Amino acid sequence: MDPGNASRLSVCVLASGSRGNATYISDGQTAILIDAGLSGVEIQRRMAAKGLDPSRLDAILVSHEHADHIQGVGVLSRRFGLPVHISDATRQAAGSVLGKPFGISPFICGHAFAIGSLAVHPFSISHDAEDPAGFTISCNGAKVGLATDLGIATGVVKTHLEACDILILEANHDSQMLIDGPYPWPLKQRIRGRSGHLSNDDTALLLGALQHDRLSHVILAHLSEENNLPEKARQAVQAVLNGGGVKLHVASQTAGSGVLTLR
């Protein structure tokens, strides 16, 4: 049974990390995936394990062209007849990895559009890709914001993520673990750079600027398996939440998150 219904917005991170990313969002009428960076079979397996029906999907949104975000896009699109919403630059950069989708619906960052009953607002983020995007998804007064794979939280990012009920934010690395870790120095510089990934402390600062009374859930995502620990990410962000009513979750590569439903 699909946990969504016509009056509730449901969110589930199916996978998050450098080995694959996918997030499910539905209001019970329209259901989408943001990215599909695992095999089609694995995404279907994970959806089924969480009580989600892939045959009820309506579309796939693509944030950027890296393989851990698009590996399963083509096959799922063809298997279930799903249009793929993707920017022209991202589609060109994806090349053959994207496969041959059932259909393509181009979007432009900064220009809102609708997928069924869901209002989608893509916005530009800073990452080492051609045209990377974050998204907000809105319906019936509820709003979900997703921003992963970004090196800096710009003013544009903060503006778009204001007044969200659920936030899915990258907390990629612990800064000291990254410095002390095994990666070569050029890779460490890329991760720490403006087109890399947010650290736990970066995410805590961003969340501090985005807190408001209606914020219900924060999902920390895209944690590095080499340069972070869930407890370190949670500790950094929990200090900013100050024990308020916000529920904090940490999505994993293997298990994702639970299904969160706004009531």
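Here we summarise the structure given alongside this text.

Thresholds applied
- Residues numbered from 1 in each chain as written.
- Predicted model: local features only at pLDDT ≥ 70, side-chain atom pairs only at ≥ 80, totals over all residues.
- Heavy atoms only, no water.
- Helix = DSSP H or I, 4+ residues; strand = E, 2+ residues; numbered from the N terminus.
- Rg over C-alpha atoms; globule rule 2.2 N^0.38 Å.
- Contact = heavy atoms within 4.5 Å.
- Areas by Shrake-Rupley, 256 points an atom, 1.4 Å probe, with all protein chains shown as cover.
- Lys, Arg positive; Asp, Glu negative; His and termini not counted.
- Charge placed at Lys NZ, Arg CZ, Asp CG, Glu CD.
- Buried < 20%, exposed > 50% of the residue type's maximum accessible area, 1.4 Å probe, protein only.
- Disulfide = S-S within 2.5 Å.
- Phe/Tyr/Trp six-rings, centres within 6.5 Å; stacked < 30°, edge-to-face > 60°.
- Salt bridge = Lys/Arg side-chain N within 4 Å of Asp/Glu carboxyl O.

1. Some thoughts on the overall build of the protein
Of regular secondary structure, the protein possesses nine helices and 14 strands. For 263 residues, the compact-globule estimate of 2.2 N^0.38 gives 18 Å, and the protein sits close to it at 17 Å. Taken over the C-alpha atoms alone, the protein extends approximately 45 × 40 × 35 Å along its principal axes. Put simply, of all contacts in the protein between residues at least 6 apart along the chain, 63% involve residues at least 24 apart. When the accessible surface of the protein is summed, it comes to about 10700 Å², and 50% of that surface belongs to carbon and sulfur atoms. Side-chain charges in the protein split into 21 positive and 24 negative, and the spacing between the mean points of these groups amounts to 4 Å.

2. Considering unusual backbone geometry
Residues other than glycine seldom take positive phi values, yet Asp 35 does so here, at roughly 70 degrees. As for its placement among the helices and strands, Asp 35 is situated in the loop between strand 3 (31-34) and helix 1 (40-49). Judged by its relative accessible area of 3%, Asp 35 is buried. For His 222, which is not glycine, the phi torsion reads 55 degrees and is therefore positive. Following the sequence through the fold, His 222 ends up in the loop between strand 12 (217-221) and helix 9 (230-241).

3. Description of the state of the cysteines
In the structure shown here, the tally under the stated rule is zero disulfides. No disulfide involves Cys 139; its sulfur sits 14 Å from that of Cys 164, the nearest cysteine. We classify Cys 139 as buried; its relative accessible area is 10%. You can call Cys 164 buried: its relative accessible area is 1%.

4. Digging into the packing of aromatic side chains
Going through the model one piece at a time under the given rule, you end up with two aromatic pairs. An angle of 15 degrees between the planes, with centres 5.8 Å apart, marks the rings of Phe 107 and Phe 113 as stacked. Note on Phe 107 and Phe 135: the rings are 5.8 Å apart at their centroids and 75 degrees apart in plane angle, and the pair reads as edge-to-face. Pair noted here: Phe 107 is in the loop between strand 6 (103-106) and strand 7 (113-115) and Phe 135 is in strand 9 (residues 133-139), with a separation of 28 residues, a long-range link. The buried category is assigned to Phe 107, whose relative accessible area is 5%. Connected via pairs of aromatic rings, a cluster forms that spans Phe 107, Phe 113 and Phe 135.

5. Points about the pattern of salt bridges
Throughout the structure, instances matching the rule amount to five salt bridges. In this structure, Glu 225 engages Arg 19 in a salt bridge whose closest nitrogen and oxygen atoms are separated by 2.8 Å. You can see Glu 225 sitting in the loop between strand 12 and helix 9 and its partner Arg 19 sitting in the loop between strand 1 (10-15) and strand 2 (22-26), a full 206 residues away along the chain. One salt bridge connects Arg 214 with Asp 165, and the closest N-O pair in it is separated by 2.7 Å. Here Arg 214, found in the loop between helix 8 (200-210) and strand 12, pairs with Asp 165, found in the loop between helix 5 (155-160) and strand 11 (166-170); they are 49 residues apart in sequence, far enough to count as distant. For Arg 214, a relative accessible area of 41% translates into the label partly exposed. If you follow the salt bridges from partner to partner, you end up with Glu 42, Arg 45 and Arg 46 in one network.

Remember, this is a structural readout, not a statement about activity or role.
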